[in-house]
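Residue-level listing of the chains:
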Amino acid sequence: MNKRKIILDVDTGTDDAIALMAAILSDAFEIVGVTTVAGNLPLPQTTANTLRVVSLLAPHIPVIRGCAQPLVRDLDPRRKFCDNEETVVDETGHRIAFHVEEFASLPPTTLQPSGQNAVCWLVETIKNSPEKITLILVGPQTNFATALRADESIVTNIEQIVIMGGGFDERNSSSSAEFNFFMDPEAAQIVLNCGADITLIPLDATHHAVLSMEDVQEMRSWNTVVGNFVADITEERIKAYNTFQPLFKPDSASMHDALCVLYLLNPAVITKSELFRVDVVTGGGVCDGQSIIDARPTAKKRKNCLVCLRTDDELFSRMLLDLLRRANF
C-alpha cells in the first residue's frame, strides 16, 4: 500500500511534539519534511524543539525553518511570543506556551535545520512532487499562506489540508479567538480560501482529544524515553487544565494537534463533522482572529471546510497510546 505523503507545519510546543511522534511512529505516512513557524514559542525555540523530536525518532526527515513573524504584526499588540524566561498566558491565566526546557528529557541532538527557508521549500517541494501531498498545519498558518502568495498554483498538487485552528463554540486566546488563528488571522484567511480540500479541526473537537492521569500511569509503566517524556508533559498540561480550564473529564488534558494526525489515520475518531463556510476576522479589535463558521442553511458563499465538531475521546486515547508504545526504547 502506498503511504500518504505528508508535510507537517508545527510550532513545537508540547502537543505539536506528540503529533510529530504519532505521525513518525505510524506506518501510514511518508513524511516529506517538517516545517517550523513561530507561535507557541519564538522560531528558534520551536525549531530546536522540533529537531529534538525528529532526531529521536527519524533523523532522516528534513526540518525546515520558516517564518519568525506573522504576516501582519502591528494590527494587534497582543500578538506576541514568549521568550525563554516566560510563558504566554491567555486572559484567564492559562499557559498556552511551554518552556523550551520541558524538552530537556529528550536526548540532545546535533541535527540542524535545512539551509532553505520553509516558504521556498514548500513551493518547490509541492510543485515538484510526483504525487499529491497532504499538509498538516498545527500552528499559525504563516508559512503556507506565504507560499501561496509566492505561487498559488501549488494548490493543484495538494491532496488535502488538515488544520488545527479556530472554534465554533470554543476559544482560548481571547474572548473570540483560538490561538493559531489569533496569532496570524490574515494567514488563516488566505489558507482557508485557497481552494484546496480542507478539514478544519477546531477547539470544539480538540477539547475532547484528551489524555488522562490513567494514561500517564500507563505510559510511565513502559519505561521508555517517549513514554516518560509524553507522561511528563501530559501531567504538566493536566495541572494547567485543572487549574484554569477544567475539561469534561476530570484530570485530563487536551492534545489538540495530535487529533489532526489521528484523523488522517482513522476518520472515525471524529464523530460529528459538517461542511461549512469558514472565514477569519482580520480587522483588529476584540474579534480579531475569530473564526466565523456560517452554519445557516441559507448561506450563499462557497462552503470551504469540513469542520470537525466532536471527538471519540476513548478511541483517540487508545489510538495515540498504541502509536506511542511503538517507540520501545
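Cut-offs applied
Each chain carries its own residue numbering, running from 1 in the direction its sequence is written. In view of the model being predicted, local features appear only for residues whose pLDDT reaches at least 70, and side-chain atom pairs are presented and counted only at 80 or more, with totals across whole chains, interfaces and linings using the full set of residues. Derived side-chain values reflect all non-hydrogen atoms in the structure, with water molecules and hydrogen atoms excluded from consideration. A simple rule labels every residue: compare its accessible area, found with a 1.4 Å probe on the protein chains alone, to the largest value its type can have, and call it buried under 20%, exposed over 50%, or partly exposed in between. Numbering of helices and strands runs from the N terminus, with a helix taken as a DSSP run of H or I at least four residues long and a strand as a DSSP run of E at least two residues long. Two strands qualify as a pair provided DSSP detects at least 2 bridges between them. A crossover counts as right-handed when, viewed with the strands pointing away from the observer, the path leading from the first strand over the helix to the second turns clockwise. The term salt bridge refers to a side-chain nitrogen of Lys or Arg lying within 4 Å of a carboxyl oxygen of Asp or Glu. Between N-to-C directions, angles span 0 to 180 degrees; the directions come from axes that are lines fitted to C-alpha atoms, helices contributing only their stretch in contact. Any angle from 65 to 115 degrees is called roughly perpendicular, while one under 35 is roughly parallel, one over 145 is roughly antiparallel, and all others are oblique. It is the rotation of the near helix from the far one that decides the hand of a crossing: anticlockwise by less than a right angle makes it left-handed, clockwise makes it right-handed. By definition in these notes, contact holds between two residues if any of their heavy atoms fall within 4.5 Å. The residue classification treats Ala, Val, Leu, Ile, Met, Phe, Trp, Tyr, Cys and Pro as nonpolar and Asp, Glu, Lys and Arg as charged. All others, Gly included, are polar.

## Considering the pairing of strand β5 (residues 158–164)
- With six of seven residues buried, β5 is to be regarded as a mostly interior element.
- Note that strand β4 (residues 133–137) and β5 share five bridges and pair parallel. Residue pairing for β5: Leu135 is matched across the bridge by Ile161.
- In terms of handedness, the path from β4 via helix α4 (residues 142–150) over to β5 forms a crossover that is right-handed.

## With respect to the pattern of salt bridges
- Under the counting rule described, the total for this entry stands at eleven salt bridges.
- The shortest N-O distance in the salt bridge between Arg4 and Glu159 comes to 4.0 Å. Highlighted residues: Arg4 in strand β1 (residues 4–10) and Glu159 in strand β5, separated in sequence by 155 residues.

## Observations concerning the environment of Ala22
- Mapped onto the elements, Ala22 comes out in helix α1 (residues 14–25).
- In sequence terms Ala22 and Arg326 are 304 residues apart; their C-alpha atoms lie 9.5 Å from each other.

## Quick look at the packing of α1 against helix α11 (residues 313–324)
- Viewed as axis vectors pointing N to C, α1 and α11 meet at an angle of 65°, and their least axial separation amounts to 9 Å. Taken together, the axes of α1 and α11 lie roughly perpendicular to each other. Considering only the axes of α1 and α11, their crossing is left-handed. Of the residues in α11, those in contact with Ile18, Met21, Ala22 and Leu25 of α1 are Leu320, Leu323 and Leu324.
- Its residues assigned to classes, the contact of α1 with α11 shows seven nonpolar, no polar and no charged.

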